[in-house]
Structure formats: C-alpha cells, structure tokens
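Single-letter residue listing:
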Amino acid sequence: MTTASSRRPRKPAARRRAATALRLLFVVSEVDPFSKTGGLADVASSLPKALAALGHDVRLVTPLYRAIHRARYGLRPTRLVFPVAVGALTYDVRVWESLLPGSPVRVYFVECPPLFDREGLYQLRGVDYPDNLERFSLLAQAALQLPQRLDWTPEILHAHDWQAALACAHLRYGARERLPAWRQAASVFTIHNLAYQGVFPASQWALTQLPPQALALEGLEFYSQLNCLKGGLMGAEALTTVSPTYAREIQTAAFGCGLEGVLQQRRGALTGILNGIDTAVWNPAQDPHLPARYTAAHLAGKAVCKQHLQHTLGLPVQRALVIGMIQRLVEQKGIEILLAALPALMALPLQLIILGSGEPRFHQSLQQHAKRYPGRLSVQLTFDEGLAHRIEAGADAFLMPSRFEPCGLNQMYSMRYGTVPIVKRVGGLADTVTNVSLRTRRAGTATGFVFTEHSAPALIRGVRRALAAYQHPSVWGGLVRAGMRRDCSWRQSAQAYAAVYAQARQPR
Ligand code: ADP
C-alpha cells in the first residue's frame, strides 16, 4: 500500500510538527539564569526549551528584578509601555525582551521599578515584602495584557505557583471577555510547592482587581482570607504538580497545607508530571564550572573535582566519603533532623559540605556546628551557582532529608554527576531514586539510599548504609554508573505536559 506520506516529499521536521504546535504563555516569578531562588527557576527555563524543541511557540513573562543584568543577558527594551491598575494605584510598566540562552524561547520582562527593583525576589533577610500581593497582582495583569499588545493569541496560559495564580483567576472571572487575545485560551496551573500559597487579609481584595464574587468558597476565599494559589486551583482548566507521588500526597491532610479538600475536589483535573533537568546545563562532560570533566566511562575527572572541592573548602584531601547538600535553609528541607543527627554523623569517617541560604536561625546553628567540626564540616551560607555545580561533581554522595519534597532537582543532578543520593522517601524523591536492595542491585537499577522515617536516627542509618557501600568500590561504582545512565531529561515529561495542554483545551 502506498501511503500519502510515502508519495510526498518529506517536510522538514518543524513543518511536520506544526499541526499540533501550540502557542503557550508561561507566567512565572523566577527564570534561570535571570533570577532564581530555587527549583522553580530551573523548571521555568528547562521546560519551555523542551516544549520549543517539540515545536511549540512558548513564551515567558516574568518580573524585571534588580539583579537581572540587562547587558549580560541581552535584554532589549520593547516599545510596549502600558498602564496596569493595582487597587487605587496605576503603574506604567515597560516590557523588555530577551531569549532563554541557547533557545528560540522569548522572555518578556515586566519592568515596574517601585515593585520589582528590589534586592530580593520575594523577601529581604528572611522577611516577605509586605506588598507581595500588589507585586504579583501586577505581574498577572501585565501578563494578560501583553498578548493583546503583541498581536499574538496564546492558546494556553500556563501559570506557576501562587505568584502567577491570579492570572488563572482573571481568566475564569472575566478576562476572556475583556481581552480578545484570550477568548479561545485554556489555562493550566502548576503547583511547584503547595506550602507557599500567597495568603493575604481579605481587606486587601481590591489589589487583585478581581470581581467581588471571586472571594467565595468556589474562588479565592480561604478561612476568611484571600488565597492566591487557590485562585489557580479553582480557576485553571487543568492542574499539574511536579511528581506523581506529590500529586497523591497533597490530597491528604499531612501534605495538603489546608487545601487537601480543594485538591480532592479537583483530582480529576490534576496530573503529577516529574520535572526533568536541563541536561545541557547539568552535564559533567561539558560543565564550564568544573576543574575537570568526566563521563560514566571515564570517571578520572570526578576524582579531580573531589580533590579540588576538598582543597578549596579547607577539608583534608583524603579518601573520606564526601557528602554534599545544596538547599534553601528552611524547615521543608529537614534541617532540624540534620542538626539533631550532626554529632553522630561527625563521629563517622566522612566530610559534609552544606551550601545553602535561608532562615537566620538555621544559619546560626550551622555556623556554630562548623566551628565545632573543622576539617569535617564545611558550611557555605550563600547562593553560588558555580559552587553548586562543583559540589554535585566533587561529592561522592548527596543528602536530602526533606520533610516534604514536591519533586527535588538536586537528586537528579546528583545522579547525572555520579554522586549517590541519600534521600527521604517522600514526593519526587520517592519517584526518582531507586533504593539499594539486593534485588535492585542485582538488576542494576539501584541508584541511591532511601530512608522512610522523618527522624535523625533514620537519617543516620541511611548515611551508614552509604558508608558501608562506599567501602566496596565495585558496589559503589555500580550505583554511580546506574545513576549516570538514568534518563532525567525533559523528553517524556514535556510530552506529558503537551498531553495536559490538549486535555485543558477539550470543551468541558
Ligand atoms: P526547591 O525548589 O524547593 O528549592 P529543588 O531541589 O527543586 O528545591 O531546587 C533547588 C535548586 O536551587 C537547585 O538547582 C539547587 O542547586 C539550587 N540551590 C538551592 N540553594 C542554592 C544555593 N545556596 N546556591 C546555589 N544553588 C542553590
């Protein structure tokens, strides 16, 4: 049989994909490499690139914060300047434009100096800015106005976390009628972390610019307050979160942060899709941050990275098991059980490196411990992207004792860098790390050490198991190689998002 496609000359790939390609607008409050406090920024950069590679026209809207270096990232001012009302005030915003490095993905930056020209993204020295509702209400509204002014009609609004959730609420409550560019669009809302909801007193309602009826049980009302994230949960056609296990967990009281009822109600619209990682940025064979590069077949460079890391952080250069940690220093990440476990851990033949910044109380106690254990514990209280890469490469193991973890990226970076994760069985950590057991070792699928209980003794047992395996180079080498072979790319997950977009566009 002769099929139509075998008779016609083959079209170029981009043309063939065009039939299913969508116009997507991401609204997101941080985007790597421009602005970053955590994993959201990584996903906001790597997912759009993966979607663009599938042929979609994906664009991003994000604030122009003070720290974004305009010249370094090639930002250009557009001619778009327009007013955005937030409560009693109206701000003139200017839009700047650039591309996600190494991609065709356009990023629009919303410039509004009174709201975004600040030292931090969301807070200063651990305290949230008091006008965050105003700031992100402006972002949501500017994002909705933009397509109109670009003469571009998105088919999907994809909003991320509470800072962008009001955009979904606006689409549900009248923006489709007001702004013709959105008339045919569906919205998708992704929960990257349910613990941050953007809850404000109901007296600040006017700042949302939403109609009064939206402050209701079926809308943004939450125990007599207004909850921005709930606006996303109730307003979007489809919901996603960043791992299948977290999608189940957040429907329970233990992880639902008070919104479990809403999530149960909307479970038919909720999909858990594992984050991928940017395998170009996180690639030990090409990483410009490293003193030496390596692959699974040629691991000599990893030993150089370890020595360099020990040397630069003032740790004795010896064959001890080096464990790395890189995280925001907040309760979510299990710092209390780490602190409780530290005396026992420091009695073991290992070195621990912690890179993080966050709550002042954790800074203080970690600093005190670092003084107590010189040569064994290195604490770096800063945000340093290059050092994060060097720790991923130079450490032997990577510890994540999170209380909860929607997905977690560092365990995937670790596996790709041949660094064996030691993680709590929760959220995305449970979905990405295969625990070492006799069966998984024989099958060659084991990639790390998973402990179940959220306690210091369980954490210590996890580390002891890793230490024991480290004494057997063939066992350890098997774990390193299995991790490096793991496909953590966006390939499958980007397709899963494309399926969600299609589902969101189905008539309801
Ligand atoms: P979360 O989004 O909850 O912070 P993830 O594991 O999803 O956790 O992502 C954290 C991201 O932020 C990773 O890319 C990690 O390397 C990075 N990161 C966190 N703290 C620091 C730090 N102090 N310095 C450099 N990178 C950091």
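Rules and cut-offs
- Residues numbered from 1 in each chain as written.
- Predicted model: local features only at pLDDT ≥ 70, side-chain atom pairs only at ≥ 80, totals over all residues.
- Heavy atoms only, no water.
- Near = heavy atom within 4 Å.
- Polar contact = N/O pair within 3.5 Å; in protein donor to acceptor, adjacent residues only side chain to side chain.
- Areas by Shrake-Rupley, 256 points an atom, 1.4 Å probe, with all protein chains shown as cover.
- Helix = DSSP H or I, 4+ residues; strand = E, 2+ residues; numbered from the N terminus.
- Nonpolar A, V, L, I, M, F, W, Y, C, P; charged D, E, K, R; others polar.
- Domains from an automatic or database assignment.
- Contact = heavy atoms within 4.5 Å.
- Axes fitted to C-alpha atoms, helices over the stretch in contact; angles between N-to-C directions.
- Parallel < 35°, antiparallel > 145°, perpendicular 65-115°, else oblique.
- Left-handed = near helix turned anticlockwise from the far one by under 90°.
- Pairing = 2+ DSSP bridges.
- Buried area = accessible area lost by both parts, 1.4 Å probe.
- Salt bridge = Lys/Arg side-chain N within 4 Å of Asp/Glu carboxyl O.
- Buried < 20%, exposed > 50% of the residue type's maximum accessible area, 1.4 Å probe, protein only.
- Right-handed = clockwise from strand over helix to strand, strands pointing away.
- 1 Å grid on protein atoms, 1.4 Å probe; cavity = no way out; pocket = protein on both sides within 12 Å on 5 of 7 lines; lining within 4 Å.
- Points joined across faces, edges and corners; volume = space filled by probe spheres on them.
- Phe/Tyr/Trp six-rings, centres within 6.5 Å; stacked < 30°, edge-to-face > 60°.
- Lys NZ or Arg CZ within 6 Å of the ring centre and 35° of its normal.

**Thoughts on the site of the ligand**
Near the ligand you find 20 residues, and of these G39, D42, R328, K333 and T382 are the closest. Separating an oxygen atom of the ligand from a side-chain N or O atom of K333 is a distance of 2.8 Å. Interatomic distance of 3.0 Å between a backbone N/O atom of D384 and a nitrogen atom of the ligand. Look at the ligand: alone it shows 560 Å² of surface, and the protein chains cover 93% of it. Those elements giving two or more residues to the shell around the ligand turn out to be α3 (39–53), β15 (321–329), β16 (350–358) and α14 (410–416). The residue makeup of the shell around the ligand, split by class, is six nonpolar, nine polar and five charged. Formed jointly, the shell around the ligand draws a minimum of three residues from each of two domains, domain 1 (21–276 + 491–504) and domain 2 (300–485).

**Notes on the environment of F451**
Mapping F451 onto the fold places it in strand β20 (residues 449–451). As for F451 and K424, which are separated by 27 residues in sequence, their C-alpha atoms are 4.9 Å apart. Apart from the residues within four sequence positions on either side, F451 is in contact with P401, I422, V423, K424, R425, A458 and L459.

**With respect to the packing of helix α11 (residues 335–346) against helix α12 (residues 360–372)**
Interhelical geometry of α11 versus α12 gives an angle of 20 degrees and a closest axis separation of 11 Å. One element, α11, and the other, α12, form an angle in the roughly parallel class. The handedness of the crossing between α11 and α12 is left-handed. Seen from α11, the contacting residues are I335, L339 and L342; seen from α12, they are F362, S365, L366 and H369. Along the lines of polarity and charge, the residues of the contact of α11 with α12 split into five nonpolar, two polar and no charged.

**Considering the sheet that holds strand β19 (residues 420–424)**
The strand order across the open sheet formed by six strands is β17-β16-β15-β18-β19-β20, and the pairing between neighbours is parallel. A single partner strand is all that each edge strand has here, and the edge strands are β17 (377–380) and β20. Strand-to-strand, the axes of this sheet are offset by a mean angle of 15 degrees, without reference to chain direction. With four bridges joining them, β16 and β17 adopt parallel strand pairing. Note on β17: the bridge partner recorded for I353 is S378. Against the sheet, helix α17 (residues 456–470) touches β15, β16, β18 (397–400), β19 and β20, its axis set at about 160 degrees to β20. Where helix α18 (residues 473–485) meets the sheet, its contacts fall on β15, β18, β19 and β20, and the angle it forms with β19 comes to roughly 80 degrees.

**A few points about the domain arrangement of the protein**
Split by domain assignment, the protein resolves into domain 1 (21–276 + 491–504) and domain 2 (300–485). Placing the centre of domain 1 and that of domain 2 at their C-alpha centroids yields a distance of 32 Å. Taken together, the contact between domain 1 and domain 2 spans 19 residues of the former and 18 residues of the latter. Buried surface at the junction of domain 1 and domain 2, summed over both partners, amounts to about 1400 Å²; 60% is from carbon and sulfur atoms. Our count for the domain 1 to domain 2 interface comes out at one salt bridge. Notably, a salt bridge pairs K36 with E385, separated by 3.5 Å at the nearest N-O pair. Here the side of domain 1 that touches domain 2 gets four residues from one element, more than from any other, and that element is helix α8 (residues 244–249). Its residues placed into classes, the side of domain 1 that touches domain 2 shows seven nonpolar, eight polar and four charged.

**Regarding unusual backbone geometry**
With an omega of 5 degrees, the peptide bond running from D32 to P33 counts as cis. Secondary-structure assignment places P33 in the loop between β1 (23–27) and α3. Unlike most non-glycine residues, R125 shows phi in positive territory, near 45 degrees. Notably, D161 is not glycine yet its phi reads approximately 60 degrees, a positive angle. Structurally, the position occupied by D161 is in helix α6 (residues 161–178).

**As for the pairing of strand β2 (residues 57–63)**
A large share of β2 lies buried, amounting to six of its seven residues. Of the crossover connections in this fold, the one passing from β1 over α3 to the parallel β2 is right-handed. Where β2 and strand β5 (residues 106–111) come together, five bridges link them in parallel fashion. Pairing of T62 across the sheet is with F109, part of β5.

**Some remarks on empty space enclosed by the protein**
Under the counting rule described, the total for this entry stands at one cavity of 30 Å³ or more. Roughly 80 Å³ of volume is contained in the largest cavity. Together, D32, K36, D42, S45, S46, D278, V281, W282, E385 and Y413 line the largest cavity. With three residues, the top contributor of residues to the lining of the largest cavity is α3.

**Comments concerning the packing of aromatic side chains**
Counting across every chain of the model gives 14 aromatic pairs. Geometrically, the ring pair formed by Y65 and F116 is edge-to-face, given 5.9 Å between the ring centres and 80 degrees between the ring planes. Of the two residues, Y65 is situated in the loop between β2 and β3 (76–86) and F116 in helix α4 (residues 113–116); the sequence distance between them amounts to 51 residues. Here the aromatic rings of F449 and W476 are separated by 6.5 Å at their centres, their planes lie at 20 degrees, and the arrangement is stacked. In this pair, F449 is assigned in strand β20 and W476 in helix α18, connecting sequence segments 27 residues apart. W476 matches F449 in its accessibility class, with the two residues each being buried. The ring of Y129 carries R118 above its face, with NZ or CZ at 4.8 Å from the centroid. We note R319 situated over the ring of Y470; from NZ or CZ to the ring centre the distance is 4.4 Å.

**Focus: the layout of surface pockets**
Within this model, the second largest pocket holds a volume of roughly 420 Å³. Residue lining of the second largest pocket: 18 residues in total, with K306, R319, D396, Y470 and W476 positioned closest to the centre. Listing elements by their share of the lining of the second largest pocket, those giving two or more residues are α10 (300–312) and α18. With five residues, the top contributor of residues to the lining of the second largest pocket is α10. Its residues assigned to classes, the lining of the second largest pocket comprises eight nonpolar, six polar and four charged.

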